[in-house]
Amino acid sequence: MTINWSGRAFDYNDEEIAVLVEAARHADPLTQGKYLEQFQKDFSAYLGVKNCFAVANATNGLDLAAILSGLKKGDEVILPGHTFCASAIPFGRTGAKIKWADIDPETRLISAESIEKLITKKTKVVVPVHLYGLMADMKAIMALARKYNLFVIEDCAQSIGAELSGKKAGTFGDCGVFSFHGQKNLTTLGEGGTIVVKSAALAAKIPGLRHNGARPYTQKREHYWIPAMSNVDLDIEGVWPYNFCLSEPQSALASAVLKRLDSMNDKRIARAEYFRKELEEFPEISFQKVRKGYKHIYHLLSAKYDGKIFGKSNNDLIKSLFYEYNIKAIVQYYPLYRYPLFQKMGFGKANCPNTDEFYDNMISFPFHLWMSDDEFSYILESTKKALKTLRGGKK
Ligand SMILES: *Cc1c(COP(=O)(O)O)cnc(C)c1O
């Protein structure tokens, strides 16, 4: 068997393909129409929120969130150093200063504690990232945000359907952003996303910002073509609008796939919990701690390998899985402050020992939903064998 980390991204069923074809044939227009409206309603109902807007991808959603937050040059924004680069780039674009928060060594997520250490008079925004499918401690983070008057943007790209105390990711902060990229738990043909916004006043600005400032003329018109088909206007002083729209066929597909999101997540959860349990006999492998009240939806299956007592590293484990078993695990995420891009932009400094320690010892197992039960068992059994070999006879 050969198993890649990313593997096949998504397996649409016949019903979903039929919905897609129907929208491609009959949507009128092909963008900004009834399917978009319907999906926004469906997703709002799923999360239990009022204001939800589909966008072309989560990076665009974060760009909108950054604009709505009012972040500008001279302000500071707090982000975890341990995340995918797209969590940070939209905030870098504002000209604000990025401050890197460390992760909690047990959950491997940004925490209220790590955020509070970085707060200054200039801090305006904080971006908790719910990485791998597990939510950061949003109760503590929101309490902190109220205390220091911070705007909170939840990066939920990897945690659609994750919960804390029965409340979904993306519904705690001022904004929540979701991704429908090809490797995420739900995808609209490889690209897509949504942004949810608490404030009705901010929500009112999104349609214009999302679509080149376009809106209908509101005054009475004798002739529909005078002065032009539609108006354009500026929603936020000094900010040019974008085009971040999701197409009608993609929106139709999103509504269809959303119906089975929970059952797909349940399958991920069952597999991940089994994998974790089976590896309990190897304390050198540790997974994200899931505290009481949290629903981890396991977008990915990441772990730390503490092989030092056997003189081994995560590279040895990955090497063994790859060369002996044809299983391609990977390491992620390179701490953002170590990348040349962020260094060149002036954000190369950080004091994040837990982030460094986790990255330097981590392994991310292949965990796409479409692998067979046999493939999944093969990964588990091979990992056990590799771990035993790496122990080299030591207990
Ligand atoms: C995937 C991802 C993004 C970006 O999503 P896109 O839809 O590809 O733009 C942002 N943040 C995190 C944590 C992600 O995993």
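Residues numbered from 1 in each chain as written. Predicted model: local features only at pLDDT ≥ 70, side-chain atom pairs only at ≥ 80, totals over all residues. Heavy atoms only, no water.

**Student:** Help me out: how do you make sense of the overall build of the protein chain in this one?
**Tutor:** A count of helices and strands for the protein chain gives 14 helices and 15 strands. For 395 residues, the compact-globule formula gives about 21 Å, and the C-alpha radius of gyration of the protein chain, at 22 Å, lands near that figure. The contacts of the protein chain with a sequence gap of at least 6 include a subset with a gap of at least 24, amounting to 73%. A total accessible area of about 18,100 Å² is found for the protein chain, and carbon and sulfur atoms account for 53% of it. Here the protein chain carries 52 positive and 44 negative side-chain charges, and the mean point of each set is 5 Å from the other. (Helix = DSSP H or I, 4+ residues; strand = E, 2+ residues; numbered from the N terminus. Rg over C-alpha atoms; globule rule 2.2 N^0.38 Å. Contact = heavy atoms within 4.5 Å. Areas by Shrake-Rupley, 256 points an atom, 1.4 Å probe, with all protein chains shown as cover. Lys, Arg positive; Asp, Glu negative; His and termini not counted. Charge placed at Lys NZ, Arg CZ, Asp CG, Glu CD.)

**Student:** What is the right way to look at the sheet that holds strand β13 (residues 294-295) in this model?
**Tutor:** Sheet strands line up and pair through hydrogen bonds in the backbone, either parallel or antiparallel. Read across the open sheet, the three strands follow the order β7-β6-β13; overall the sheet is antiparallel. This sheet does not close on itself; its edge strands, each paired only once, are β7 (167-168) and β13. Pairing between strand β6 (residues 163-164) and β13: two bridges, direction antiparallel. Pairing of Glu 163 across the sheet is with Lys 295, part of β13. (Pairing = 2+ DSSP bridges.)

**Student:** Even after reading the chapter, I still don't get the site of the ligand, so can you show me in this structure?
**Tutor:** The full set close to the ligand counts 16 residues, and Ala 58, Thr 59, Asp 155, Ser 179 and Lys 184 are the nearest of them. Within the side chain of Asp 155, one N or O atom sits 2.8 Å away from a nitrogen atom of the ligand. The side chain of Ser 179 places a nitrogen or oxygen atom 2.7 Å from an oxygen atom of the ligand. When the ligand is considered free in solution it has 380 Å² of accessible area, and contact with the protein chains removes 94% of it. A breakdown of the residues in the shell around the ligand according to their chemical character gives six nonpolar, eight polar and two charged. (Near = heavy atom within 4 Å. Polar contact = N/O pair within 3.5 Å; in protein donor to acceptor, adjacent residues only side chain to side chain. Nonpolar A, V, L, I, M, F, W, Y, C, P; charged D, E, K, R; others polar.)

**Student:** Looking at this structure, I do not really get the pairing of strand β8 (residues 175-179). What am I missing?
**Tutor:** Remark: a regular strand shows side chains that alternate across the two faces of the sheet. Across the five residues that make up β8, a large majority, five, are buried. Side-chain alternation along β8 places Cys 175, Val 177 and Ser 179 on one buried face and Gly 176 and Phe 178 on a second face that is also buried. (Buried < 20%, exposed > 50% of the residue type's maximum accessible area, 1.4 Å probe, protein only.)

**Student:** Would you explain the nonpolar core in this entry?
**Tutor:** Burial of nonpolar side chains together is a common tendency in soluble globular proteins. Ranked by size, the top nonpolar core spans 123 residues in total, and within it Phe 43, Phe 91, Trp 100, Ile 195, Ile 285 and Phe 365 carry the most contacts. Among the elements that line this core, the one with the most residues is helix α3 (residues 58-69), at seven residues. When residues are assigned to domains, this core turns out to be shared by domain 1 (14-258) and domain 2 (261-391), each giving three or more. With residues near it in sequence (within four places) discarded, Phe 365 still touches Trp 5, Phe 275, Ile 285, Phe 287, Leu 301, Ala 303, Leu 321, Ala 329, Ile 379 and Thr 383. (Core = buried A, V, L, I, M, F, W, Y, C linked by side-chain atoms within 4.5 Å. Domains from an automatic or database assignment.)

**Student:** Please clarify how unusual backbone geometry should be interpreted in this entry.
**Tutor:** Where the residue is not glycine, phi is negative for most of them; where a peptide bond is considered, it is trans in most cases. Residues Asp 28 and Pro 29 are joined by a peptide bond in cis, for which omega reads 5 degrees. Examined against the element boundaries, Pro 29 turns out to sit in the loop between α1 (14-26) and α2 (34-47). Between Gln 332 and the following residue, Tyr 333, the backbone shows a cis peptide bond with an omega angle of -10 degrees. Turning to its location among the elements, Tyr 333 is positioned in the loop between α11 (314-325) and α12 (340-344). A positive phi angle is found at Ser 165, which is not glycine, with a value near 50 degrees. Tracing the backbone through its elements, the reader meets Ser 165 in the loop between β6 and β7.

**Student:** Explain the domain arrangement of the protein chain to me, please; I cannot follow it from the model alone.
**Tutor:** Interfaces are often sized by the amount of accessible area the parts lose when they come together. Under the domain assignment used here, the protein chain contains domain 1 (14-258) and domain 2 (261-391). Between domain 1 and domain 2, the C-alpha centre-to-centre distance is 27 Å. In this assembly, 43 residues from domain 1 lie in contact with 40 residues from domain 2. Carbon and sulfur atoms supply 58% of the area buried between domain 1 and domain 2, which totals about 3,500 Å² over both sides. (Buried area = accessible area lost by both parts, 1.4 Å probe.)

**Student:** Please explain the state of the cysteines as it appears in this structure.
**Tutor:** One way to say it: the disulfide is the covalent bond shared by the sulfur atoms of two cysteines. Applying the stated criterion across every chain yields a total of zero disulfides. Between Cys 52, a cysteine without a disulfide, and Cys 156, which holds the nearest cysteine sulfur, the sulfur-to-sulfur distance is 12 Å. (Disulfide = S-S within 2.5 Å.)

**Student:** Which parts of the structure should I look at to understand the packing of helix α10 (residues 261-278) against helix α14 (residues 373-391)?
**Tutor:** Each packed pair of helices is defined by two parameters, the angle between the axes and the distance between the axes. Put simply, α10 and α14 touch, their axes get as near as 11 Å, and they point 25 degrees apart. Relative to α14, α10 is oriented roughly parallel. Regarding α10 and α14, the two cross each other, and that crossing is right-handed. The residues of α14 that touch α10, namely those facing Arg 271, Tyr 274, Phe 275 and Glu 278, are Asp 373, Phe 376, Ile 379, Leu 380, Thr 383 and Lys 384. Across the contact of α10 with α14, the residue classes tally to five nonpolar, one polar and four charged. (Axes fitted to C-alpha atoms, helices over the stretch in contact; angles between N-to-C directions. Parallel < 35°, antiparallel > 145°, perpendicular 65-115°, else oblique. Left-handed = near helix turned anticlockwise from the far one by under 90°.)

**Student:** I tried to follow the sheet that holds strand β5 (residues 151-155) on my own but got confused; where do I start?
**Tutor:** Pairing is mixed in the open sheet, where seven strands are placed in the order β1-β9-β8-β5-β4-β2-β3. Taken across any chain shown, the strands that pair with only one partner, and hence form the sheet edges, are β1 (52-55) and β3 (97-101). On average, each strand axis in the sheet is tilted by 25 degrees relative to the strand beside it, whichever way the strands run.

**Student:** Can you walk me through the pattern of salt bridges in this structure?
**Tutor:** When the charged atoms of two side chains lie near each other, side chains of opposite charge can form a pair. Enumeration over the complete set of coordinates arrives at 19 salt bridges. We note a salt bridge from Glu 106 to Arg 291, for which the minimum N-O separation is 3.0 Å. Taken together, the residues span a long stretch of sequence, with Glu 106 in the loop between β3 and α5 (112-116) and Arg 291 in the loop between β12 (285-287) and β13 at a distance of 185 residues. Residue Arg 391 is joined to Glu 284 by a salt bridge in which the shortest nitrogen-to-oxygen separation is 2.7 Å. Here the residue Arg 391 occupies a position in helix α14, and Glu 284 occupies one in the loop between α10 and β12, the gap between them amounting to 107 residues. With relative accessibility at 16%, the residue Arg 391 sits in the buried group. Taking relative accessible area as the criterion, Glu 284 reaches 4% and is therefore assigned buried. In this structure, a network of salt bridges that share partners links the residues Lys 72, Asp 75 and Lys 124. (Salt bridge = Lys/Arg side-chain N within 4 Å of Asp/Glu carboxyl O.)

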